[in-house]
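Examining the three-dimensional arrangement
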Amino acid sequence: MNILAIESSCDETAAAICRNGREVLSDVVLSQADMHAVYGGVVPEIASRRHVEAVGGLAEQALAEAGLRREEIDAVAVTYAPGLIGALLVGVNFAKAASYGLGVPLIPVHHVRGHIAAGYIAFPELEPPFLSLAISGGNTLLVDVRDYTDMHIVGASRDDAAGECFDKVARVLGLGYPGGAAMDRLARGGDDSRYALPRAKVEDAELDMSFSGLKTAAINLIHNARQKGETLDEASFAASFTKAVSEVLVPRAVEAARMLGRRTVVAGGGVAANSRIREDLTRAAAENGFQLFLPPTALCGDNAAMIGCQGYYEYIAGKRAGMDLNAYATLDISRG
Ligand code: ATP
Ligand code: MG
Ligand code: FE
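Conventions and cut-offs
Residues numbered from 1 in each chain as written. Chains lettered and ligands numbered in written order. Predicted model: local features only at pLDDT ≥ 70, side-chain atom pairs only at ≥ 80, totals over all residues. Core = buried A, V, L, I, M, F, W, Y, C linked by C-beta atoms within 7 Å. Buried ≥ 20, exposed ≤ 12 C-beta atoms within 10 Å, placed from the backbone. Helix = DSSP H or I, 4+ residues; strand = E, 2+ residues; numbered from the N terminus. Domains from an automatic or database assignment. Contact = placed C-beta atoms within 7 Å. Pairing = 2+ DSSP bridges. Near = placed C-beta within 6 Å. Nonpolar A, V, L, I, M, F, W, Y, C, P; charged D, E, K, R; others polar. UniProt positions renumbered as here; feature names shortened; annotations may be inferred. Axes fitted to C-alpha atoms, helices over the stretch in contact; angles between N-to-C directions.

Counting residues in each nonpolar core, the largest one holds 109 residues, and the members touching the most others are Ala5, Ala15, Ala16, Ala62 and Ala253. If you tally residues by element for this core, the top one is helix α8 (residues 234-260), at 12 residues. Both domains that furnish three or more residues to this core are identified here as domain 1 (2-115 + 302-335) and domain 2 (127-294). With residues up to four places along the chain from it excluded, the contact list for Ala5 reads Ala15, Ala16, Cys18, Ala77, Ala304, Ala305, Ile307, Gly308 and Gly311.

When strand β7 (residues 140-147) meets strand β8 (residues 150-156), the two strands line up antiparallel, connected through six bridges. Bridged to Asp147 within β8 is Asp150. With antiparallel pairing between neighbouring strands as the criterion, β7 and β8 make up a hairpin whose turn holds two residues.

A few words on the environment of Ala81. As for its position among the elements, Ala81 is in strand β4 (residues 75-81). Classification of Ala81 by C-beta neighbours within 10 Å gives buried; the count is 24. Taking the C-alpha atoms as reference points, Ala81 and Val109, separated by 28 residues in sequence, lie 7.3 Å from one another.

The environment of ligand 1 is formed by 24 residues, the closest being Gly137, Gly138, Gly163, Gly180 and Gly270. Elements represented by at least two residues in the shell around ligand 1 include exactly α4 (111-122), α5 (162-173) and α6 (180-187). Counted by class, the shell around ligand 1 contains six nonpolar, 15 polar and three charged residues. Looking at which domains feed residues into the shell around ligand 1, each of domain 1 (2-115 + 302-335) and domain 2 (127-294) supplies at least three.

A word on the domain arrangement of the protein. Split into domains, the protein comes out as domain 1 (2-115 + 302-335) and domain 2 (127-294). Averaged C-alpha coordinates put domain 1 and domain 2 at centres separated by 27 Å. Each partner contributes to the interface: domain 1 provides 15 residues, whereas domain 2 provides 18 residues. Going through the elements one at a time, α1 (33-37), α4 and α11 (305-316) are the ones with two or more residues in the side of domain 1 that touches domain 2.

Before going further, it helps to spend a moment on the UniProt feature "domain: Gcp-like" (unreviewed entry) in the protein. Within the UniProt annotation, "domain: Gcp-like" (unreviewed entry) is assigned to residues 23-308. The span residues 23-308 shows a helical share of 50% and a strand share of 17%, and its end C-alpha atoms are spaced 10 Å apart.

This brings us to the UniProt feature "binding site: Fe cation" (unreviewed entry) in the protein. Per the UniProt annotation, the sites labelled "binding site: Fe cation" (unreviewed entry) are His111, His115 and Asp302. These annotated residues cover 192 residues of sequence, but their C-alpha atoms sit close together, with the largest distance between any two at 8.8 Å. By secondary structure assignment, the location of His115 is in helix α4. The exposure class of His115 is buried, given the 32 C-beta atoms found within 10 Å. Setting aside chain neighbours within four positions, we find His115 in contact with Ala134, Ser136, Gly268, Gly269 and Met306.

Here the focus is the sheet that holds strand β3 (residues 23-31). If you walk across this open sheet you meet the five strands as β3-β2-β1-β4-β5, and the pairing is mixed. With partners counted over all chains shown, the strands left at the sheet margins are β3 and β5 (106-110), one partner each. Taken over all neighbouring pairs, the strand axes of this sheet differ in orientation by 20° on average, direction set aside. Contacting β3, β4 and β5, α4 crosses the sheet at an angle of about 95° to β5.

Below, the structure is given as structure tokens:
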């Protein structure tokens, strides 16, 4: 079954063709990051306009690269939540038109379910159940993936997402937007014990997380150093900061897997590209005896292939949308 997938939830416009949930025939992503970088973050109105300009051409390109004719598309999958509402609506409306024009079903896909499905692309042997650590720009979730479309949140950030924390701190450091990948590079070779930063615990909810205190403490540390005219050892700061983020995420993933009795842990989302977090997860897997699946970094960030793959499983489970499909800025992954 060939699925045309469309993704436009934030600042990447993407189209892909996937076959049977596992095989990616084509995968094209157009990042708008450079357009938003001058503003230090995503400007929703600019994102929507750029999606409008890009989506049709990208879908054609995905079709051409897959070597398929339009008649060979069996369904259209689209990210309908969560994300920027205006950005999502562009993809949703394009997908509606494509499904109507081609006379094929329309499948709505939850964006974070897509991030989780990136694991199916990278690892053909991977099947639920497993614990997912879904860490991205807007979400920080521990998800019990009982089946392809049966998911339950067992832990979450109560405030900022891990990626948001990376981006805000990186911005104050002057690393540009989005700053997660630049922070990752800067941290290499730094001394991760040089700067003291807090790791918050959420009382009576040991799998929940909080990053806003860490974010504020890190930004204050940078400002204080600047005000006192002290030179910040930026590599060591980045390493100390990344260690703090990792020490919030990794032990909770270990604990969640233990509590649920899961022997398989799968990471996903943009922050799962972080080299320190990947190293710490790898060590934790070896120490605690669970199998770890880390998708290649290219599949961690936003793309449409992951939407097409999850879309297949949503289709198998009977999920369909009509021409009245709406987009939602927020939506619980268990209801996605
Ligand atoms: P969501 O998926 O929650 O809707 P999003 O789609 O904007 O949000 P992604 O595209 O999955 O998020 O991930 C982008 C985030 O990942 C950004 O915050 C970015 O800084 C972060 N990121 C990317 N690479 C790295 C890295 N190597 N280290 C840390 N963070 C990273
Ligand atoms: Mg993005
Ligand atoms: Fe994302």
